[in-house]
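One letter stands for each residue in the lines below.
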Amino acid sequence: MIRPHNFQPNAETARDNGFQTQASYADLSTLAQRAHDEASTAVEVLRAAGVEVHLFEDTQADRPDSVFPNNWFSTHPGGHVAVYPMYSKNRRTERRQDVLELLKQRYRVQDVIDYSGLEQDNLFLEGTGAMVLDHVERVAYAARSKRTSEVMLERFCTHFNYEPVVFDAHDAKGTPIYHTNVLMCIGTDIALIGLDTIAGAGRRAEVCDRLASGGRDVITLTQAQIAEFAGNAIELQGKNGRLLAMSSRALSALDAGQRARIEAHVPLLALNIPTIEMAGGSVRCTLAGIHLSPRPVVQIQGEAA
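The model shown is predicted, which means the values in this text are computed figures rather than measured ones.

As for the overall build of the protein
Okay, so step 1: Assigned secondary structure in the protein consists of ten helices and 14 strands.
Okay, so step 2: The principal-axis extent of the C-alpha atoms belonging to the protein is close to 50 × 45 × 45 Å.
Okay, so step 3: Split into buried and exposed, the 305 residues of the protein put 54% on the buried side.
Okay, so step 4: Within the protein, residue pairs in contact and separated by at least 24 positions form 74% of the contacts whose partners lie at least 6 positions apart.
Okay, so step 5: Element-wise, carbon and sulfur atoms account for 49% of the exposed surface of the protein, whose accessible area totals about 12700 Å².
Okay, so step 6: Averaging the coordinates of the 30 positive side-chain charges in the protein and doing the same for the 37 negative ones gives two points 2 Å apart.

Describing the packing of aromatic side chains
Okay, so step 1: Enumeration over the complete set of coordinates arrives at six aromatic pairs.
Okay, so step 2: On the numbers, 6.3 Å between centres and 25° between planes, the contact of tyrosine 84 with tyrosine 115 is stacked. Remark: tyrosine 115 occurs in the loop between strand E5 (111–114) and helix H3 (127–130) and tyrosine 84 occurs in the loop between strand E4 (80–83) and helix H2 (97–106); sequence separation between them is 31 residues. There is no split in this pair, since tyrosine 84 and tyrosine 115 are both buried.

Observations regarding H2
Okay, so step 1: Looking only at H2, the buried set comprises Val99, Leu100, Leu102, Leu103 and Arg106. Down the axis of H2, the sector holding all buried residues measures 155°, keeping them to one side.
Okay, so step 2: Buried residues belonging to H2 abut strand E2 (56–58), strand E3 (73–76) and E4.

A look at the environment of alanine 49
Okay, so step 1: Looking at the secondary structure, you find alanine 49 in the loop between helix H1 (28–48) and E2.
Okay, so step 2: Judged by its relative accessible area of 17%, alanine 49 is buried.
Okay, so step 3: Sequence separation between alanine 49 and leucine 236 is 187 residues, and the spatial gap between their C-alpha atoms is 9.9 Å.
Okay, so step 4: If we ignore the near neighbours within four places in the chain, the residues touching alanine 49 are Gly238, Lys239, Leu243 and Leu269.

Some words on the nonpolar core
Okay, so step 1: Ranked by internal contacts, the top residues of the largest apolar core, which has 38 residues, are Phe167, Leu192 and Leu244.
Okay, so step 2: Residue assignment for this core shows that the elements contributing at least two residues are strand E7 (139–143), strand E8 (163–167), strand E9 (184–186), strand E10 (190–193), helix H5 (201–212), strand E11 (217–220), strand E13 (241–247) and helix H7 (248–253).
Okay, so step 3: The element contributing the most residues to this core is E10, with four residues.
Okay, so step 4: Those residues in contact with leucine 244 that lie beyond four places of it in its chain are Cys185, Ile190, Leu192, Ala233, Ile234, Glu235, Ile262, Val266, Pro267, Leu268 and Leu269.
Okay, so step 5: Core analysis: the next-biggest nonpolar cluster, separate from the first, contains 27 residues, Met1, Ala42, Val43 and Leu46 among them.

Quick notes on the rules
Residues numbered from 1 in each chain as written. Predicted model: local features only at pLDDT ≥ 70, side-chain atom pairs only at ≥ 80, totals over all residues. Heavy atoms only, no water. Helix = DSSP H or I, 4+ residues; strand = E, 2+ residues; numbered from the N terminus. Buried < 20%, exposed > 50% of the residue type's maximum accessible area, 1.4 Å probe, protein only. Contact = heavy atoms within 4.5 Å. Areas by Shrake-Rupley, 256 points an atom, 1.4 Å probe, with all protein chains shown as cover. Lys, Arg positive; Asp, Glu negative; His and termini not counted. Charge placed at Lys NZ, Arg CZ, Asp CG, Glu CD. Phe/Tyr/Trp six-rings, centres within 6.5 Å; stacked < 30°, edge-to-face > 60°. Arc of directions from axis to C-beta. Core = buried A, V, L, I, M, F, W, Y, C linked by side-chain atoms within 4.5 Å.

Following this line, the structure appears as C-alpha cells:
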C-alpha cells in the first residue's frame, strides 16, 4: 500500500473516470491530510486482522493517484512480476524501483516483465484495475476502455497463461466503465459482479456462466451498488483465514441477502476511506496483492512502519 501525503482527485483521469467526484475543499491540504489519515487507519485495521501490509510513503506533490498502486504492477505465483503501461501521463511516475526492490528482497522473484515502454505505442493495460484475474481458472476478465488495450491484454495473457474474456461495460449513464475492477471481484468461493453493466444479454450470460463454472456463488450487484464501489473488493489472507475487504460505503450499499451470501463463505472487513474514494477508486484499488513465495524476513530500508 502507498500512504499519500499530497492526495487530490486527478484532473487528468477525470476525463474518463465517471466514479470520480469533485473535491469540495477549498484547502487541498485538508483533503490530503484526510486521505493520509484514512490510509493510515486502513493499514491498522488490516494488520489487526492479520493481513501483512507493506506500506510505502509518497511525499511527492505531482502523483495525485499514487494511493492506487495496483494499476502499475502485479505479482504472480512462480516468482513473476509485471509492470504496466499507464494511460494517464501524470500517473507514469508512480512506478517505483524501491517497491520492486522490496519484492525482490522479501519474496522469491524470478523475473520482472516490464511493459511500460509500450506507452510510446499507445498500448495501455492498467494492471489489476484493467483486468480482474481469476487465479484458479486462469481467466483475465477485462472491460474495453482507453486504459485496456486488447493487444496488450493478449500479450499479458500469453506471457502469464490466462484466457482473456473481454466485454463492453457501461455505467448507469451509458459511460464506458474505466476499470474492470470497479464492476467485479473474484474470490475463492464467490464472485461479485455488476452484470447489468455488461452490454448484451448474451455476453452477460457468458460471463456469468464462466464465473460460475468454477463452482463460485455469483452475487449480482446493481448499477447503484457499483456506483457505491460494492464491486471494488478484494479477498485477503488474515490471521484466521480468508476475508473480503471493501469500503464502509460499499458495505452499506449491500442488502441483507447479499451480505448473508458473502458471509456464508468469507467474513467481511470494512475500511473507511471516503476521501480516497473521491479519486474514483476504492479498497481494491489501494491494494496491490502479493502472490509470491516469501524469503526469510529481513528489515528493508525505506519501508514504513
